[in-house]
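An overview of the molecular structure
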Amino acid sequence: MFYLLSVREKVTFGGTMAEATDTFTNLGFDPDALRNKYREERDKRLRQDGNDQYIEVKGDFSRYVDDPYVEPGFSRESIDAEIEVIIIGGGFGGMLAAARLREIGIDDFRIIEKGGDFGGTWYWNRYPGASCDIESYVYFPLLEKTDFVPKQKYTNAPETLEYCGVIAEKYSLHENALLQTEVIATEWDEESGRWKVSTNRADNISAKYVVHSNGPLNRPKLPAIRGINDYKGHTFHTSRWDYAYTGGDSHGNLSGLADKKVAIIGTGATAVQCVPHLGAAAKELYVFQRTPSSIDVRNNQATDPNWMASQQNGWQDERRKNFESLMVGAPVKEDLVNDGWTEAFRNLFSGVRDLAPSKWRIGLWALLGPLNRDFYRLGFKQYVTKKVTDYMDLSRQMEIADFKKMEGIRARADEVVNDKDTAEALKPYYRQFCKRPCFHDEYLSTFNRANVTLVHTDGRGIDEITENGVIFEGTEYEVDCIIFATGFEVGTDYSRRAGYQIRGVDGKSISEKWADGLSTFHGMHSRGFPNAFFFGPAQSGFTATYTYSLDEQSVHLAHILGKARERGANRIEASERAETEWVKTIIEKARLTADFQEKCTPGYYNNEGNVNTKPQNNTYGGGPIEFFSLMEKWREQGNLDGLELT
Ligand code: NDP
């Protein structure tokens, strides 16, 4: 969402003329009062320790990342092999990379995956209610190749895992997989021009290329709360759900909790989906909230197979482009997805379009420009752009549209939740895209259950964990089980999150190289790490439909490896010039979003409130559609400009 405000550059002109004043009157709320309230709510959550408020899941805490979905005791012979491409990670990114390599005839690859099967995020996150609220017709990649028909507009975890199996079968990926295997190090050997890849199964692999597709939200995080290790009851993180303890499955029916008092810590997108199931099953449920999520309408629907069958070739690409275009305010003829996401963005940008100045007004500015000093200072094009943006006051329009939307979301809490104080505590006071918007039709009503208590910590978080339970404001909540819905590491060191170190030319590690901020070319290459390819959102195009980004990255990867093959190249490395320029681009584009992020309540979207201390750590601020078309043009040039091939 960091690209949100780059819309300034994208709005098309020529809409109907309306007076700005109409938009700012008869609102039914006071924008200044809301602005103050948002600031107060942000300020009470700002903290010095940023990402250090969380502890790493290692040592005493490593049990939180044990795999509960496989039989313990797996072992296999270690392997000693020379392989063309090692892909680290068997989630959608790794699978797509493998699929695209197969398509261009590169079959000598292995996918190394720590889980017991493919699926990545969806392998680990099987908590009850786990589902995706990005429309399945855009979220599931390769639908036109697999002919799979998702059952509903919004899919769930079991169907997504099933779909991963479909892709794996179509591209025969299991035969290239090393499952239940963790990479522990990758090291470049200049002499042989190969990467040495070591694993926890004592494998000794030499690889020409390594693709790092280890997932942006793969490392669970735990809050560094006093006493967290003293608790004697049962405990786990949502991404390693313990069904042996709770009973049931991803669809719910947690019969094991019927006589249990349960605490869940955190109320982000994950908690929003599992709380209704916990509320329905537990004897007592305490939901510890630091910041409420925004809960919009979900409105899931069954897929019409005739509709799916009637789609023309290329429909999925068109639909994904259409969806992501709406997310950045780029003009589209029609809203194909037409759901809570697109409605939210249409709402944000519609006020802007209504205010667009007519062509005669732009003409007049151009004509009278020479009378203005700015005209000479800025030059013709920038002068007219400035006049247009001043006139439209875009950011104010968007803020008002956002206030309206969030007033609706807050009103929903009042409509659904019976207890007035609870309803009030569930109201989010920040702009909708400061945090991950949620869409759910049973979450709010769960708080009407007699066995469910919301413990609103008003931005502070819980105080302490004891042998018996959780303490907040002097009250100890004794529970049989604590579930951490506290999310995943985002802003920490790359290797810490990946779980392995990467050593490039002259033994320099990626942690050393990126200690003061990311440095890549197109987000995928980093000088000093030849033949290594990084998948992920950093310095790249970030989409709400994350699988779309991964798909584009896999197409890009296949293009580069295909070209390298054609040219008989053995070593691919970003040039110093290309990398420096790309970092500059990322920093410049990040400025467009800095103001928005600074005003946001803290969370992983804005580096826990420490905005832009390293602006190069952003995603591509021009938005994904602009990024993808930049990459497409780069590929069309065909000369791999910016890469040194030897
Ligand atoms: P999040 O990081 O979004 O949420 C973590 C939660 O833990 C927040 O509510 C946070 O509060 C809270 N928390 C952290 N520390 C404490 C503390 N000391 N005391 C009390 N509460 C605390 O993680 P999620 O797993 O919910 O979601 C991660 C991402 O995964 C989402 O943003 C989304 O991208 C994706 N996802 C998508 C889904 C979908 O498609 N519907 C479903 C689930 C996840 P605070 O907000 O104050 O920091």
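Treat the numbers as computed from the prediction; the structure is a model and nothing was measured.

Now for the overall build of the chain. Summing up its helical and strand segments, the chain has 23 helices and 22 strands in all. Taking 646 residues into account, the globule formula puts the C-alpha radius of gyration at 26 Å, and the chain, at 25 Å, falls close to it. Once the C-alpha set of the chain is aligned to its principal axes, its extents read approximately 80 × 70 × 55 Å. Within the span of the chain, comprising 646 residues, buried residues form 58% of the whole. Here the analysis covers contacts within the chain between residues at least 6 apart in sequence; of these, 73% occur between residues at least 24 apart. For the chain, the exposed surface amounts to about 27,100 Å²; the carbon and sulfur share of it is 46%. Put simply, the chain has 78 plus and 95 minus side-chain charges, and the middle of one group is 4 Å from the middle of the other.

Right, let's get into the pattern of salt bridges. Counted according to the given criterion, the structure contains 48 salt bridges. Of the charged contacts in the structure, one is a salt bridge between D203 and R76, with a shortest N-O distance of 2.6 Å. Taken together, the residues D203 in the loop between β6 (194-199) and β7 (204-212) and R76 in the loop between β1 (54-55) and β2 (80-88) connect sequence positions 127 residues apart. What makes D203 buried here is its relative accessible area of 4%. Connected via shared salt-bridge partners are R100, E103, K145, D317, R320, K321 and D551.

Okay, the site of the ligand next. Around the ligand lies a shell of 26 residues, among which D133, T270, T291, K435 and Y604 are the nearest. At 3.4 Å from a nitrogen atom of the ligand is found a main-chain nitrogen or oxygen belonging to I462. When isolated, the ligand has an accessible area of 920 Å², and the protein chains bury 88% of it. For the shell around the ligand, the element with the most residues is helix α9 (residues 269-281), which contributes 3 residues. The class makeup of the residues in the shell around the ligand is 12 nonpolar, 10 polar and 4 charged.

Only one face of β6 is buried: it carries W195, V197 and T199, and the other face, with R194, K196 and S198, is open. Note that strand β5 (residues 183-189) and β6 share 6 bridges and pair antiparallel. Within β6, the residue paired with E187 across the bridge is K196. Between β5 and β6, which pair antiparallel in sequence order, lie 4 residues; one of them, G193, sits at a positive phi of approximately 65 degrees. Of the strand pairs in this sheet, β6 and β7 are connected by 4 bridges, and their pairing is antiparallel. Its bridge partner lying in β7, W195 is registered against A207. Between β6 and β7, which pair antiparallel in sequence order, lie 4 residues; one of them, A202, sits at a positive phi of approximately 60 degrees.

With that out of the way, let us pick up the state of the cysteines. Summed over all chains, the structure comprises 1 disulfide. Between C132, a free cysteine, and C164, which holds the nearest cysteine sulfur, the sulfur-to-sulfur gap is 11 Å. Between C481, a free cysteine, and C274, which holds the nearest cysteine sulfur, the sulfur-to-sulfur gap is 11 Å.

According to the stated counting rule, one finds 36 aromatic pairs in the structure shown. Between Y64 and F484, the ring centres sit 6.0 Å apart and the planes meet at 75 degrees, which makes this aromatic pair edge-to-face. Here F484 lies in strand β18 (residues 481-484) and Y64 lies in the loop between β1 and β2, a separation of 420 residues in the sequence. Taking the relative accessible area as the measure of exposure, Y64 reaches 3% and is therefore buried. The exposure class assigned to F484 is buried, which follows from its relative accessible area of 1%. Centroid distance Y123 to W124: 4.8 Å. Interplanar angle 85 degrees. Geometry classified as edge-to-face. We classify Y123 as buried; its relative accessible area is 2%. On the basis of relative accessibility, which here comes to 9%, the residue W124 falls in the buried class. An aromatic cluster is built from F92, W122, Y139, F140, F148 and Y163, whose rings are joined through pairwise contacts. Taking the ring centre of Y123 as reference, the NZ or CZ of R126 above it sits at 4.6 Å.

Our next topic: the nonpolar core. W241 and I264 are the most contacted members of the largest nonpolar core, which totals 123 residues. For W241, the contacting residues outside a window of four places in its chain are P68, Y69, Y127, P128, F236, T246, L254, C274, L278 and I483. If you look at the next biggest cluster of nonpolar residues, it comprises 22 residues, including L178, I205, I510 and F529.

Let us now look at the packing of helix α3 (residues 92-103) against helix α21 (residues 546-567). α21 packs onto α3 with a crossing angle of 35 degrees between their chain directions and a minimal axis gap of 8 Å. Read as a crossing pair, α3 and α21 show a hand that is right-handed. In this structure, α3 contributes F92, G93, L96, A97, R100 and L101 to the contact, and α21 contributes T547, L550, D551, S554, V555, L557, A558 and L561. Class assignment for the residues of the contact of α3 with α21 results in 9 nonpolar, 3 polar and 2 charged.

In this section: the side chain of S293. You can see S293 is positioned in the loop between β11 (284-289) and β12 (295-296). By relative accessible area, S293 is classed as buried at 9%. Reaching out from S293, the side chain makes a polar contact with the backbone oxygen of T267 at a distance of 2.7 Å. When neighbours within four sequence positions are excluded, S293 is seen to be in contact with T267, G268, A269, V272, L426, P428, Y430 and C438.

Moving on to the sheet that holds β18. Strand order in the open sheet formed by 5 strands is β9-β18-β10-β11-β14, and the pairing between neighbours is parallel. Both outer strands of the open sheet, β9 (234-237) and β14 (452-456), are each paired with one neighbouring strand and no more. Taken pair by pair, the neighbouring strands of this sheet meet at an average axis angle of 15 degrees, ignoring direction. As paired strands, strand β10 (residues 261-265) and β18 are joined by 4 bridges and run parallel to one another. Looking across to β18, one finds that I264 is bridged to I483.

Residues other than glycine seldom take positive phi values, yet E473 does so here, at roughly 45 degrees. With respect to the helices and strands, E473 occurs in the loop between β16 (469-472) and β17 (475-478). One non-glycine residue, N607, adopts positive backbone phi at about 55 degrees. Structurally, N607 can be placed in the loop between α22 (576-598) and α23 (624-637). You can call N607 partly exposed: its relative accessible area is 30%.

What counts as what
- Residues numbered from 1 in each chain as written.
- Predicted model: local features only at pLDDT ≥ 70, side-chain atom pairs only at ≥ 80, totals over all residues.
- Heavy atoms only, no water.
- Helix = DSSP H or I, 4+ residues; strand = E, 2+ residues; numbered from the N terminus.
- Rg over C-alpha atoms; globule rule 2.2 N^0.38 Å.
- Buried < 20%, exposed > 50% of the residue type's maximum accessible area, 1.4 Å probe, protein only.
- Contact = heavy atoms within 4.5 Å.
- Areas by Shrake-Rupley, 256 points an atom, 1.4 Å probe, with all protein chains shown as cover.
- Lys, Arg positive; Asp, Glu negative; His and termini not counted.
- Charge placed at Lys NZ, Arg CZ, Asp CG, Glu CD.
- Salt bridge = Lys/Arg side-chain N within 4 Å of Asp/Glu carboxyl O.
- Near = heavy atom within 4 Å.
- Polar contact = N/O pair within 3.5 Å; in protein donor to acceptor, adjacent residues only side chain to side chain.
- Nonpolar A, V, L, I, M, F, W, Y, C, P; charged D, E, K, R; others polar.
- Pairing = 2+ DSSP bridges.
- Disulfide = S-S within 2.5 Å.
- Phe/Tyr/Trp six-rings, centres within 6.5 Å; stacked < 30°, edge-to-face > 60°.
- Lys NZ or Arg CZ within 6 Å of the ring centre and 35° of its normal.
- Core = buried A, V, L, I, M, F, W, Y, C linked by side-chain atoms within 4.5 Å.
- Axes fitted to C-alpha atoms, helices over the stretch in contact; angles between N-to-C directions.
- Left-handed = near helix turned anticlockwise from the far one by under 90°.

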